[in-house]
Amino acid sequence: MDIRVLRYFLAVAREENISNAAKNLHVTQPTLSRQLMELESDLGVKLFLRSSGNRTITLTEEGMLLRKRAEEILDLVEKTESELVAPGESISGNIHIGSGETHVISLLSREIKGIREEYPDIHFHFFSGNADNVTERLDHGLIDFGVLAEPSNISKYDSISLPVADTWGLLMRKDHPLAEKDAIEASDLWGIPLISSSQRLTSQAFSKWLKDDYEKLNQIATYTLLYNASLLVKDNIGCALCLDKIISTSEDSELCFRPLKPKLEARWHIVWKKYQVFSKAAEVFLKRLQKEFAG
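Residues numbered from 1 in each chain as written. Predicted model: local features only at pLDDT ≥ 70, side-chain atom pairs only at ≥ 80, totals over all residues. Heavy atoms only, no water.

Student: Whenever I open this one, the pattern of salt bridges confuses me. Can you help?
Tutor: Oppositely charged side chains can form a pair if their charged atoms are brought close together. One pass over the full model with this rule turns up 14 salt bridges. With a shortest N-O distance of 3.0 Å, glutamate 72 and lysine 68 are connected by a salt bridge. Residue glutamate 72 and its partner lysine 68 are located together in helix H4 (residues 61-84), separated by four residues, close to a single helical turn. Between arginine 173 and aspartate 175 there is a salt bridge, and its shortest N-O distance comes to 3.0 Å. Looking at arginine 173, the relative accessible area reads 18%, which means it is buried. Under the relative-accessibility criterion, aspartate 175 is labelled exposed at 54%. Bridged by salt links that share partners, the residues Lys68, Arg69, Glu72 and Glu136 form one connected network. (Salt bridge = Lys/Arg side-chain N within 4 Å of Asp/Glu carboxyl O. Helix = DSSP H or I, 4+ residues; strand = E, 2+ residues; numbered from the N terminus. Buried < 20%, exposed > 50% of the residue type's maximum accessible area, 1.4 Å probe, protein only.)

Student: Would you take a moment to explain empty space enclosed by the protein for this structure?
Tutor: Take a probe with the size of a water molecule and roll it over the atoms, and the empty space left behind shows itself. With the rule as written, the count across this model stands at one cavity of 30 Å³ or more. Of the pockets and cavities examined, the largest cavity occupies roughly 320 Å³. In this structure, the largest cavity is lined by 24 residues; those nearest its centre are Trp168, Gln199, Thr202, Leu243 and Trp268. Those elements that provide at least two residues to the lining of the largest cavity are strand S5 (145-149), helix H8 (200-210) and strand S11 (265-273). In terms of residues, the lining of the largest cavity owes the most to one element, S5, which gives three residues. Residues that form the lining of the largest cavity fall into these classes: 14 nonpolar, eight polar and two charged. (1 Å grid on protein atoms, 1.4 Å probe; cavity = no way out; pocket = protein on both sides within 12 Å on 5 of 7 lines; lining within 4 Å. Points joined across faces, edges and corners; volume = space filled by probe spheres on them. Nonpolar A, V, L, I, M, F, W, Y, C, P; charged D, E, K, R; others polar.)

This is the structure we're talking about:
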């Protein structure tokens with residue numbers, strides 16, 4: 001597989017039509033069709049299901065897997081190219097950071113502001129996802145740094161502990177009966193509809209906190225990122241087990257947050273691959289983090 005053919009494949013997967021993809025790629029339709037057939041022949045799998053009627057094509061299961069990997073490969077190629085073409089004298093380039101939803105990003109934003117004032121040609125790109133998404137991209141070299149909360153396994157990475165912690169609790173409507181309480185105990189959770197994180201490590205942490213089987217909770221839905229779950233909470237579908245300070249619970253909000261009792265906290269770490277070879281821009285960022293947080 002070469003990079004050009006992967007770009008062709010992704011264009012067809014996106015357009016779901018060879019003619020449209022050929023126009024966007026500025027190649028002829030026969031050339032594009034031949035490249036795709038050669039790709040399928042080289043891989044020994046069928047990537048597309050072709051419709052004879054409306055000329056729409058869809059991806060097979062193998063095609064969907066290749067699309068995911070091709071996107072990762074091209075992201076890595078573009079990231080590498082941007083690092084290599086950076087001028088030798090001035091420090092410039094792109095820094096890619098993956099993180100879950102958390103207010104601790106404000107700690108990084110202060111450092112980013114200082115770097116941007118000193119090195120205006122350094123640019124930052126954030127990827128938002130849960131710990132599984134972030135570590136996958138980190139392991140594949142698609143991001144330089146990840147921001148992970150416990151109980152994520154950070155032992156396989158180099159890391160810096162950030163001097164903050166988020167608190168787990170219950171997000172609910174202000175007219176919910178539990179909103180009258182200052183804190184939520186384990187016995188309050190039995191029986192009520194709950195929306196919880198889909199992450200396995202999070203469920204293990206809650207199981208330990210509950211001193212019982214986490215699966216016995218009445219979990220009606222799961223979430224990856226909290227915003228969509230908060231809409232379900234607003235519509236009175238359930239209450240969300242989540243971290244604080246992510247969703248607004250100001251006076252004009254319909255929602256409120258109550259911490260768990262006993263307290264359950266998540267400490268945050270910024271991590272990177274061991275033996276990572278950084279670009280000059282990423283080295284600047286890392287040295288600033290080490291000076292600020294690792295002293």
